[in-house]
Amino acid sequence: DLKRCVYGMLAAMSTLLKTDLAPHLPTIVPPMIEAMKSTEGVTAHYSDEVTDMFKVFDDVEEDLTQEDDEQDDDVQGFSVGNAYLDEKEDAACALGEIAINTSSHFLPHMPECYATAVELLEYPAADVRKSAVTAVGNFCCAMAKIAEENNNSEVNETLSRMLEASMDKFLLMA
């Protein structure tokens, strides 16, 4: 819970400090990306266990005749601790807000943050997907703000690619 509070505080500070937060981004952003990528708290459940979990093979109707790793044969699903889900949500939302508020200073972090948030759009937990949608939208807004400020063709092209990819993902979610 402490990390979640820190993420919220950093997002709030970015609202006040704006570009003055820029020198601290190399220290702030990597742990937040790691929180979004983290698989900590994810537990695999096997066929001989009965638990509440995300079912892995509920809707799968494809031919699974390819050779699979033998260790995964008995995996029936996964469960994730709520605290880890909440941390992912808060990290994603905070990074989106920081991106908007720090403007072009966030550009070195944008590719990895955006890619990580896009990956979370397919996460099994609905609240994490909701936070990922917010973050992806904020990253696009931040890039639009940067494009408007700088009138740079490279930034405009990147924004176009981000919007196209985001809309494709959003439409698939609907």
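Residues numbered from 1 in each chain as written. Predicted model: local features only at pLDDT ≥ 70, side-chain atom pairs only at ≥ 80, totals over all residues. Heavy atoms only, no water.

(A) Here's a closer look at the environment of Pro108. Assignment of secondary structure puts Pro108 in the loop between helix H3 (82-102) and helix H4 (110-120). On the accessibility criterion, Pro108 (64% relative accessible area) is exposed. Linking Pro108 and Leu25, residues 83 residues apart in sequence, is a C-alpha distance of 9.5 Å. (Helix = DSSP H or I, 4+ residues; strand = E, 2+ residues; numbered from the N terminus. Buried < 20%, exposed > 50% of the residue type's maximum accessible area, 1.4 Å probe, protein only.)

(B) Seen up close, the state of the cysteines. Tallied over the full model, the rule gives zero disulfides. In this structure Cys141 is a free cysteine whose sulfur lies 7.1 Å from that of Cys140, the closest cysteine sulfur available. Judged by relative accessible area, which is 45%, Cys141 ranks as partly exposed. (Disulfide = S-S within 2.5 Å.)

(C) Broad picture of the environment of Asn138. As for its placement among the helices and strands, Asn138 is situated in helix H5 (residues 126-150). For Asn138 and Ile100, which are 38 residues apart along the polypeptide, the C-alpha to C-alpha distance reads 6.5 Å. If near-sequence neighbours (up to four positions away) are discounted, Asn138 is found in contact with Cys93, Gly96, Glu97 and Ile100. (Contact = heavy atoms within 4.5 Å.)

(D) Local environment of the pattern of salt bridges. Under the definition given, this model contains six salt bridges. Residue Asp86 is joined to Arg4 by a salt bridge in which the shortest nitrogen-to-oxygen separation is 3.7 Å. Taken together, the residues Asp86 in helix H3 and Arg4 in helix H1 (residues 2-17) connect sequence positions 82 residues apart. Among the residues examined, Arg4 registers a relative accessible area of 28% and is labelled partly exposed. In this structure, Glu122 engages Lys169 in a salt bridge whose closest nitrogen and oxygen atoms are separated by 2.5 Å. Within this pair, whereas Glu122 is found in the loop between H4 and H5, its partner Lys169 is found in helix H6 (residues 153-173), the two being separated by 47 residues in sequence. If you follow the salt bridges from partner to partner, you end up with Asp1, Arg4, Asp86 and Asp90 in one network. (Salt bridge = Lys/Arg side-chain N within 4 Å of Asp/Glu carboxyl O.)

(E) Structural context of the packing of aromatic side chains. What the rule picks out here adds up to one aromatic pair. Summarising the aromatic geometry, the rings of Phe106 and Phe139 are spaced 6.1 Å apart at their centres and angled 20 degrees between planes, so their arrangement reads as stacked. Linking Phe106 in the loop between H3 and H4 with Phe139 in helix H5, this pair joins segments that are 33 residues apart in sequence. Taking relative accessible area as the criterion, Phe106 reaches 0% and is therefore assigned buried. (Phe/Tyr/Trp six-rings, centres within 6.5 Å; stacked < 30°, edge-to-face > 60°.)

(F) Main features of the confidence of the model for the protein chain. Per-residue confidence for the protein chain averages 87 on the pLDDT scale, and 79% of its residues sit at or above 70. Between residues 56-68, whose pLDDT stays under 50, and residues either more than four places distant or in other chains, the model counts six contacts. (pLDDT = per-residue confidence, 0-100.)

(G) Focus on the nonpolar core. With 41 residues, the main nonpolar core has Met32, Leu95, Ile98, Phe106, Met110 and Phe139 as its most contacted residues. Listed by contribution, the elements that provide at least two residues to this core are H1, helix H2 (25-37), H3, H4, H5 and H6. Considering each element in turn, this core owes the most residues, ten residues, to H5. (Core = buried A, V, L, I, M, F, W, Y, C linked by side-chain atoms within 4.5 Å.)

(H) A look at the side chain of Lys88. Following the sequence through the fold, Lys88 ends up in helix H3. Put simply, Lys88 is tucked away with no salt bridge, and the nearest opposite charge, on Glu87, sits 8.3 Å away. Among residues more than four places away in sequence, those in contact with Lys88 are Ala35, Met36, Lys37, Ser38, Leu120, Tyr123 and Val128. (Lys, Arg positive; Asp, Glu negative; His and termini not counted.)

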